[in-house]
Amino acid sequence: MNAQQIQDLIHAGIPGAEARVIGEDGVHFEATIISEAFQGKLPLARHRLVYATLGTLMGNEIHALALRTLTPQEAQASN
């Protein structure tokens with residue numbers, strides 16, 4: 001598993017999302033995801049949405065995934 005594969009899975013599972021995934025060791029990753037799908041959701045619900053796109057890879061091929069989940073408005077405000 002590599003960062004690009006995870007990024008592609010997130011794009012497929014959350015249409016219209018912008019995702020940037022990094023991770024050099026093949027099991028520990030960090031992702032920043034920007035999506036309208038996060039609008040009105042608490043952080044835990046946002047993370048569950050991402051985990052659902054990755055399915056059984058979480059805890060297996062992907063040992064750890066640190067998430068930063070933002071709406072487009074939140075992302076713009078943080079710049």
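Located above this text is the structure these notes cover.
Source: prediction; values computed, not measured. All residue numbers here refer to positions counted from 1 along the written sequence of the relevant chain. The predicted origin of the model limits local features to residues at a pLDDT of at least 70 and limits the giving and counting of side-chain atom pairs to 80 or more, whereas totals for whole chains, interfaces and linings rest on all residues. Excluded from the side-chain calculations are hydrogens and water; all other atoms, namely the structure's heavy atoms, are used.

Trainee: What am I meant to see in the overall build of the protein chain here?
Mentor: Labels follow the DSSP assignment, with helices taken as runs of H or I lasting at least four residues and strands as runs of E lasting at least two, numbered in each case from the N terminus. Broken down by element type, the protein chain carries three helices and three strands. Each helix and strand of the protein chain, placed in order from N terminus to C terminus, yields the pattern α-β-β-α-β-α. Each radius of gyration is computed over the set of C-alpha atoms, and the globule rule expresses the reference value as 2.2 Å times the number of residues to the power 0.38. Taking 79 residues into account, the globule formula puts the C-alpha radius of gyration at 12 Å, and the protein chain, at 12 Å, falls close to it. Across its three principal directions, the C-alpha atoms of the protein chain cover 30 × 25 × 20 Å. For the exposure calls, accessible area comes from a 1.4 Å probe over protein chains only, and a residue counts as buried if that area is under 20% of its type's maximum, exposed if over 50%, partly exposed in between. By the burial criterion, 35% of the 79 residues in the protein chain qualify as buried. In the protein chain, 53% of the contacts between residues at least 6 apart in sequence involve partners at least 24 apart. Surface accessibility in these figures is a Shrake-Rupley result with a 1.4 Å probe; residues are shielded only by whichever protein chains are displayed. A total accessible area of about 4,800 Å² is found for the protein chain, and carbon and sulfur atoms account for 53% of it. We count Lys and Arg on the positive side and Asp and Glu on the negative side, and we leave His and both chain ends out. A charge is said to be at NZ when it belongs to Lys, at CZ for Arg, at CG for Asp and at CD for Glu. Within the protein chain, the 8 negative side-chain charges are centred at a point lying 11 Å from the centre of the 5 positive side-chain charges. Residues count as neighbours in contact if any of their non-hydrogen atoms are within 4.5 Å of one another.

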